[in-house]
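Commentary on secondary and tertiary structure
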Amino acid sequence: MKFKTNIKCDGCIATVTPILDQAVGAGNWSVDLSSPWRLLTISQIEISPEVIKTGLATVGYQADEIKGQE
């Protein structure tokens, strides 16, 4: 599952780490800061995209699911 986000830097990643680790587990997500979309990839976990969106929103970030990407 992939999301376009507004995560911009290592400080942002530090902020979202507790949320994402709790939702999908440490090591099951990554953010590509070199991508213009700041691509968040969730791997090996089946979870509702709404859980990710809501979790990130609680700490001030947006995530829009990119459909059709594996």
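We now turn to the structure provided with this report. In this text, all values refer to a predicted model and were calculated from it rather than measured experimentally.

1. Some remarks on the environment of Thr15
- Mapping Thr15 onto the fold places it in helix α1 (residues 10-24).
- Taking relative accessible area as the criterion, Thr15 reaches 34% and is therefore assigned partly exposed.
- Counting along the chain gives 39 residues from Thr15 to Thr54, while the straight-line C-alpha distance between them is 14 Å.
- In this structure, Thr15 is in contact with Val59 and Tyr61, ignoring residues within four places of it in sequence.

2. Observations regarding the nonpolar core
- Trp29, Leu40, Ile52 and Leu56 are the most contacted members of the largest nonpolar core, which totals 16 residues.
- Elements with a contribution of two residues or more to this core: α1, β2 (29-32), β3 (39-42) and α2 (49-57).
- Top contributing element to this core by residue count: α1, with five residues.
- Ignoring any residue separated from it by four or fewer positions in sequence, one finds Leu56 in contact with Val16, Ile19, Leu20, Leu40, Tyr61 and Ala63.

About the cut-offs
- Residues numbered from 1 in each chain as written.
- Predicted model: local features only at pLDDT ≥ 70, side-chain atom pairs only at ≥ 80, totals over all residues.
- Heavy atoms only, no water.
- Helix = DSSP H or I, 4+ residues; strand = E, 2+ residues; numbered from the N terminus.
- Buried < 20%, exposed > 50% of the residue type's maximum accessible area, 1.4 Å probe, protein only.
- Contact = heavy atoms within 4.5 Å.
- Core = buried A, V, L, I, M, F, W, Y, C linked by side-chain atoms within 4.5 Å.

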